[in-house]
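# Coordinate inspection notes
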Amino acid sequence: MKIGNIIFSAFIFLVGLLFFVTALSFGPGSSGDVGVGFFPKIISLFVMALSVIIIIQEIKKNDKEILLTDSSKKALVVAFAMIVYVILMNILGFVIMTPVVVAFMLYFVGERNKSKLVLIPVGLTALVYVCFVIGLNVRLPMSFLGI
Amino acid sequence: MDLFLQALVNVFDPITFLLVVIGLTLGMIIGALPGLTATMGVALLLPLTFGLDTLSGLMVLIAVYFGSIYGGSISAILLKTPGTPASAVTSLDGFQLAQKGEASRAMGISIVSSVAGGLISTFVLILVAPQLAQVALKFNAPEYFALACFGLSIIISLSSSSIAKGILVGMLGIMISMIGIDVITGVTRFNFGSVNLLSGVSFIPVLIGIFAFSQALTQFEEIFSGVTESVSVKVKKVLPTIKDLKTVCPTIIRSSFIGTFIGSIPGTGGDISAYIAYNETKRWAKEDDKATFGTGNVKGIAAPEAANNATTGGAMIPLLTLGIPGDSVTAIILGALVMQGVRPGPALFNEQKELLYSIFSGMVVANLLLLVIAFLGIRFFVKVLSVKKEYLAPAIMILCVVGSFAINNNIFDVGIMLFMGVVGYFLNKFDYPQSPLIIALILGPMAEREFRRSLVLSNGDYNIFFSSPIFLFFMSIALLSLILPIIKNFLPKKQ
């Protein structure tokens, strides 16, 4: 996991840098206050320093270099599907999109039984709808069709 | 006494009572299922409590907390896979006993020990918390700053094998918390031009992402790599015998106090107290008894189970008296309290006595109900173990989306949840601890606010810190807990 860890730490370093640079533009505080930028500067310096330390630690290790295993790539496909689901849900509504994405996930993990591929997604959607929309008055996104 | 009577009336309100029963049952299911932790359960259910009144909402979360810490032992005993990290030690003797065909006996001991642990710690909470709150009333900005640093440093040093990674995750949490309006000056910072970030990042989507969505992703990964467990044990009579109860009674009492004490230290949790209680029990055992630990000794089940449930009451002590969460679950409960407009801290003990004592009574009632539900429903909870991950993981993902949307009816929050979920997945994968991030989200802003408030009070004079003995005390422990592990690294290792 060496490379993956290094990329991740580098990403965190950049986030720290972004915060640090942004914090530089904050003005000083008044009447004893150290100002809005004081803490962010210290914290982001720590973040940058620590991510460099972790990168160095990782480089020193002699692990096998696997960026992502097959199963974690597949898990990320699921995460991507969820992102697409949330975007489409905002347009097409919860009731239409939820069975679709659940059926996709079930198919993706190897479920091939047709009745299960229909009943579980529909059942789950119905259950969530009853609990949240009817029971708790949550207004989930609806489509132009009004459902 | 009147206060307790009124509190009991509040708790026995039919709806609150029913919600506690539901919460305990859900908690036990969540705890029993490997991969679903107490933190995840409480995080997923938090959005559901918005519509409820303060007491009912809190009691549901507390019930889920109690139920899931107990529930973890079911799978620890039957599958050798702890349902929650807190039950990892239980599997040592629990699974061995189950292998000898005595699964029911192991379950019985675990139920009784869990309930006893929970009750003892709740009583300690009721006795200790008001006294501690009186002391805490004298705390001012510098002391609170030190307390926040103390809580952060403890969780960082305990939660991670790598101090650097622990601190880094904590700092990331503080950075997230800095987005939005600065409480001292009212200036908006780090919103990077986004309107949605003007008021900051909501706590709950981050929480659900880190603790629930990321876990569901890990479950998918496990499904794809073909990791599955199955259970084929029949559980019959679970009521423990008088003889067994006599054997474990001293163990339960000792472990409960250990669990309560460790739970009350910010940053620790059920896993650590279970481990320490197990070791202590072994140390106190007679020579011939000692050898049977790890082979199915009932004391080896009673000790961790009493201790991990005792952690629940212990963790509530700093939460209610100081507003500092004892572990990641109490961090979420703190979030729930704040959202209901209740600010935990010493003032609570003067201003909201009725609510406070209702919570106390509710905790006692919840522990007693746990006993009833666990004994009556144990066969059902064992069946739950056969629910396939393949069906569970998609359901959790949908609940994550709905839960994070429900807070503000805002799709942006769902985006935050997804983003933090993927980040949490990688944190997990690359061996970064997750709990410092959540604790830092709460303690980070507290540290900054109190630090700056101190300096405003003293007009920029740093002596305000060094003239406070309480500040010096907590800061020294904070520094020690971070530096000691680093020094340990450089010392020659024992062979």
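Up top is the structure.
An account of the accompanying structure is given in this report.

### Details of the overall build of chain B
The helix and strand inventory of chain B stands at 20 helices and two strands. The C-alpha atoms of chain B give a radius of gyration of 22 Å, which matches the 23 Å a tight globule of 495 residues would have. Reported as C-alpha extents along the three principal axes, the dimensions of chain B are approximately 70 × 60 × 45 Å. The buried share among the 495 residues of chain B stands at 63%. Considering only contacts in chain B between residues 6 or more positions apart, those separated by 24 or more positions represent 80%.

### Some thoughts on the overall build of chain A
Helix and strand counts for chain A come out as five helices and zero strands. Starting at the N terminus and ending at the C terminus, chain A contains elements arranged as α-α-α-α-α. Put simply, chain A has 147 residues, and 40% of those count as buried. Partitioning the contacts of chain A with sequence separation of at least 6, the portion at a separation of at least 24 is 65%. Only carbon and sulfur atoms are counted for the fraction: they give 73% of the accessible area of chain A, which is about 8,000 Å². Computing the positive centroid from 11 side-chain charges and the negative centroid from 6, chain A places the two 7 Å apart.

### Thoughts on the packing of aromatic side chains
For the coordinates displayed, the defined rule picks out 32 aromatic pairs over all chains. Judged by centre distance (5.7 Å) and plane angle (55°), the ring pair of F145(B) and F465(B) falls under tilted. Residue F145(B) is found in helix 6 (residues 141-159), and its partner F465(B) is found in helix 19 (residues 463-466); the two are separated by 320 residues along the sequence. Note on F465(B): relative accessible area 2%, which makes it buried. Pairing F451(B) with F465(B) gives two aromatic rings, centres 5.3 Å apart and planes at 10°, and the pair type is stacked. Here F451(B) is found in helix 18 (residues 435-457), whereas its partner F465(B) is found in helix 19, with 14 residues between them in sequence. Joined through ring pairs, the aromatic side chains of F38(A), F39(A), F145(B), F451(B), Y462(B), F465(B), F466(B) and F471(B) make up one cluster. Sitting over the face of the ring of Y107(A), R112(A) holds its NZ or CZ atom 3.7 Å from the ring centroid. Stacked on the ring of Y432(B), the Lys or Arg K165(B) has its end atom at 5.1 Å from the ring centre.

### Side note on the state of the cysteines
Counting across every chain of the model gives zero disulfides over all chains. Cysteine C131(A) is unpaired, with the sulfur of C400(B) as its nearest cysteine sulfur at 15 Å.

### A short note on the side chain of D244(B)
With respect to the element layout, D244(B) can be found in helix 9 (residues 242-264). Apart from residues lying up to four places away in sequence, D244(B) is in contact with R105(B), I109(B) and V298(B).

### Topic: the packing of helix 4 (residues 54-79) of chain B against helix 5 (residues 90-136) of chain B
Residue and element names in this part refer to chain B. Relative orientation of the contacting elements helix 4 and helix 5 amounts to 165°, with a least axis distance of 8 Å. Viewed along their axes, helix 4 and helix 5 adopt a mutual orientation that is roughly antiparallel. Once helix 4 is placed against helix 5, the crossing between them reads as left-handed. Of the residues in helix 5, those touching helix 4 at Y70, S73, I74, A76, I77, L78 and L79 are T90, S91, G94, F95, A98, A103, A106, M107, S110, I111 and S114. Split by residue class, the contact of helix 4 with helix 5 holds 12 nonpolar, six polar and no charged.

### Concerning the environment of G72(B)
All names here are of chain B. Structurally, G72 can be placed in helix 4. For G72 and Q340, which are 268 residues apart along the polypeptide, the C-alpha to C-alpha distance reads 29 Å. Those residues in contact with G72 that lie beyond four places of it in its chain are G31, A32, P82, G83, T84 and S87.

### A few points about the packing of helix 8 (residues 203-224) of chain B against helix 16 (residues 389-406) of chain B
Residues and elements named next belong to chain B. Interaxial distance between helix 8 and helix 16 falls to 9 Å at its minimum, and their mutual angle equals 160°. Classified by the interaxial angle, the pair formed by helix 8 and helix 16 is roughly antiparallel. In this structure, helix 8 meets helix 16 at a crossing whose hand is left-handed. Residue-level inspection shows P205, I208, A212, F213, A216, L217, Q219, F220, E222 and I223 of helix 8 in contact with helix 16, the latter providing K389, E390, A393, P394, I396, M397, C400, G403 and S404. Here the residues of the contact of helix 8 with helix 16 sort into 13 nonpolar, three polar and three charged.

### Some words on the interface of chain B and chain A
Between chain B and chain A, the residue contacts involve 59 residues of the former and 65 residues of the latter. For the pair chain B and chain A, the summed buried area comes to about 5,400 Å², and 84% of that belongs to carbon and sulfur atoms. One can count two salt bridges joining chain B with chain A. Here R452(B) ties to D33(A) by a salt bridge, and the two come within 2.9 Å at their closest N and O atoms. Summed over the shared surface of chain B and chain A, the result is five residue pairs in polar contact (both at pLDDT 80 or more). Among the elements of the structure, helix 7 (163-178), helix 8, helix 16, helix 17 (411-429) and helix 18 of chain B are those that each provide at least two residues to the side of chain B that touches chain A. Among the elements that line the side of chain B that touches chain A, the one with the most residues is helix 16 of chain B, at 11 residues. Here the side of chain B that touches chain A is built from residues that sort into 46 nonpolar, five polar and eight charged.

### Section: unusual backbone geometry
All names here are of chain B. The phi dihedral of K80 falls on the positive side, at around 65°, and the residue is not glycine. In this structure, K80 sits in the loop between helix 4 and helix 5. By relative accessible area, K80 is classed as partly exposed at 49%.

### Concerning the pattern of salt bridges
Where charged atoms from two side chains of opposite charge come close, those side chains can pair. Residues and elements named next belong to chain B. Within the structure shown, the criterion is met by 15 salt bridges over all chains. Close ionic contact of E222 with K389 constitutes a salt bridge, the shortest N to O distance being 2.8 Å. Taken together, the positions of E222 in helix 8 and K389 in helix 16 put the pair 167 residues apart, joining distant regions of the chain.

### Focus on the nonpolar core
The biggest cluster of nonpolar side chains holds 204 residues, and the ones touching the most others in it are Y85(A), I74(B), F220(B) and L437(B). The element contributing the most residues to this core is helix 15 (residues 353-384) of chain B, with 17 residues. When residues no more than four places from it in sequence are discounted, the contact partners of Y85(A) are F94(A), M97(A), T98(A), V101(A), I398(B) and V401(B).

### Here we look at the environment of Q99(B)
All names here are of chain B. Within the secondary structure, Q99 is located in helix 5. Residue classification places Q99 among the exposed residues on the basis of a relative accessible area of 55%. Considered as a pair, Q99 and T247 are 148 residues apart in the sequence and their alpha carbons are 21 Å apart.

### Concerning helix 2 (residues 14-32) of chain B
Residue and element names in this part refer to chain B. Taking 1.5 Å per residue, 19 residues should reach 27 Å; helix 2 reaches 27 Å between its end C-alpha atoms and fits that length. Looking at helix 2, one finds that the buried residues are T16, L19, V20, G23, L24, G27, M28, I29, I30, G31 and A32. Looking at the buried side of helix 2, the elements it contacts are helix 1 (2-11), helix 3 (38-45), helix 4 and helix 15.

What counts and how
Within each chain, residues carry numbers counting from 1 in the order of the written sequence. Chains carry letters from A onward and ligands carry numbers from 1 onward, assigned in written order. Per-residue local features are limited, in this predicted model, to residues with pLDDT of at least 70; the limit for side-chain atom pairs, both in listing and counting, is 80 or more; totals at the level of whole chains, interfaces and linings are taken over all residues. The side-chain values count all of the structure's non-hydrogen atoms but skip hydrogen atoms and water molecules. Strands here are runs of E lasting at least two residues and helices are runs of H or I lasting at least four, both read from the DSSP assignment and numbered beginning at the N terminus. With the radius of gyration taken over C-alpha atoms, the globule rule is written as 2.2 Å times the number of residues to the power 0.38. Any residue under 20% of the maximum accessible area for its type is buried, any over 50% is exposed, and the rest in between are partly exposed; the area is computed with a 1.4 Å probe on protein chains only. The contact criterion used is simple: two residues touch if any of their non-hydrogen atoms lie within 4.5 Å. Accessible surface area values rest on a Shrake-Rupley calculation with a 1.4 Å probe, where residue burial reflects the displayed protein chains alone. We score Asp and Glu as negative and Lys and Arg as positive, and we do not count His or the chain ends. The atoms used to mark charge sites are NZ of Lys, CZ of Arg, CG of Asp and CD of Glu. Stacked, tilted and edge-to-face are the three classes applied to pairs of Phe, Tyr and Trp rings, where Trp contributes its six-membered ring and a pair requires centres within 6.5 Å; stacked means planes under 30 degrees apart, edge-to-face means over 60, and tilted covers the rest. For a lysine, the NZ atom is tested; for an arginine, the CZ atom; a charge sits over a ring if that atom is within 6 Å of the ring centre and within 35 degrees of the ring normal. Only a pair of cysteine sulfur atoms within 2.5 Å counts as a disulfide in this structure description. To get an axis, fit a line to the C-alpha atoms, keeping to the stretch in contact for a helix; angles then go from 0 to 180 degrees between the N-to-C directions. The cut-offs work like this: below 35 degrees is roughly parallel, past 145 is roughly antiparallel, 65 to 115 is roughly perpendicular, and the gaps in between are oblique. Crossing handedness follows the turn of the near helix against the far one: under a right angle anticlockwise gives a left-handed crossing, and clockwise gives a right-handed one. Under the grouping applied here, Gly and all other residues not named as nonpolar or charged are polar, the nonpolar ones being Ala, Val, Leu, Ile, Met, Phe, Trp, Tyr, Cys and Pro and the charged ones Asp, Glu, Lys and Arg. When two parts are put together, the accessible area they lose, computed with a 1.4 Å probe and summed over both, is reported as buried area. When a carboxyl oxygen of Asp or Glu lies within 4 Å of a side-chain nitrogen of Lys or Arg, that pair is called a salt bridge. Pairing of N or O atoms within 3.5 Å defines a polar contact, subject to two protein rules: one partner must be a possible hydrogen donor and the other a possible acceptor, and residues neighboring in sequence count only if both atoms are side-chain atoms. Here, the term nonpolar core denotes a set of buried Ala, Val, Leu, Ile, Met, Phe, Trp, Tyr and Cys residues that are joined through side-chain atoms within 4.5 Å. For a helix, the expected span equals 1.5 Å multiplied by the number of residues minus one.

Such coordinate-based values are descriptive only and should not be taken to indicate function.
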